[in-house]
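Okay, here's what each chain looks like letter by letter:
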Amino acid sequence: MGVYDMTKGYVTNATGWNRKDIKTSSVAAFEAGFFMTAVTVALWDMICTKLMNQPTDAKLYVSEADFVPQKFS
């Protein structure tokens, strides 16, 4: 909900639309949903999947904190 509220504020400031307008709510909901799905959930899901699917005899990553610098550097 925090992402939706912040996005709604940005949309209101950028467009001048009323905060209770259906256009504002629609755009804010779309942007917040995209952010939560693409940035937060998908990234976390990829990290967990890589950790769980690594070979048990030769661990490539110890934890999430170990995975991120190796993968994205």
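The shown structure was predicted, so the numbers you read here are calculated from the model rather than taken from an experiment. (Residues numbered from 1 in each chain as written. Predicted model: local features only at pLDDT ≥ 70, side-chain atom pairs only at ≥ 80, totals over all residues. Heavy atoms only, no water.)

1. Structural notes on the overall build of the protein
Here is step 1: The helix and strand tally for the protein stands at three helices and zero strands.
Here is step 2: A compact globule built from 73 residues would reach a C-alpha radius of gyration of about 11 Å, whereas the protein, at 18 Å, exceeds it by more than 25%.
Here is step 3: By residue count, 19% of the 73 residues in the protein fall in the buried class.
Here is step 4: In the protein, once contacts between residues fewer than 6 apart in sequence are set aside, the share between residues at least 24 apart is 22%.
Here is step 5: Of the roughly 5,500 Å² of accessible surface on the protein, a fraction of 65% belongs to carbon and sulfur atoms.
Here is step 6: Within the protein, the 7 negative side-chain charges are centred at a point lying 8 Å from the centre of the 7 positive side-chain charges. (Helix = DSSP H or I, 4+ residues; strand = E, 2+ residues; numbered from the N terminus. Rg over C-alpha atoms; globule rule 2.2 N^0.38 Å. Buried < 20%, exposed > 50% of the residue type's maximum accessible area, 1.4 Å probe, protein only. Contact = heavy atoms within 4.5 Å. Areas by Shrake-Rupley, 256 points an atom, 1.4 Å probe, with all protein chains shown as cover. Lys, Arg positive; Asp, Glu negative; His and termini not counted. Charge placed at Lys NZ, Arg CZ, Asp CG, Glu CD.)

2. Some details on the pattern of salt bridges
For side chains of opposite charge, pairing can occur when their charged atoms come near one another.
Here is step 1: Evaluation of the coordinates by the stated rule reveals two salt bridges.
Here is step 2: The residue Arg 19 makes a salt bridge to Asp 5 at a minimum N-O spacing of 2.6 Å. Here the residue Arg 19 occupies a position in the loop between α1 (2-15) and α2 (22-52), and Asp 5 occupies one in helix α1, the gap between them amounting to 14 residues. (Salt bridge = Lys/Arg side-chain N within 4 Å of Asp/Glu carboxyl O.)

3. With respect to the confidence of the model for the protein
Here is step 1: When the pLDDT values of the protein are averaged, the result is 88; 99% of them are 70 or greater.
Here is step 2: Mean pLDDT values for the elements of the protein range from 82 in helix α3 (residues 64-72) up to 93 in α1. (pLDDT = per-residue confidence, 0-100.)

4. Remarks on the environment of Tyr 10
Here is step 1: For Tyr 10, the location among the structural elements is in helix α1.
Here is step 2: Classification of Tyr 10 by relative accessible area gives exposed; the value is 55%.

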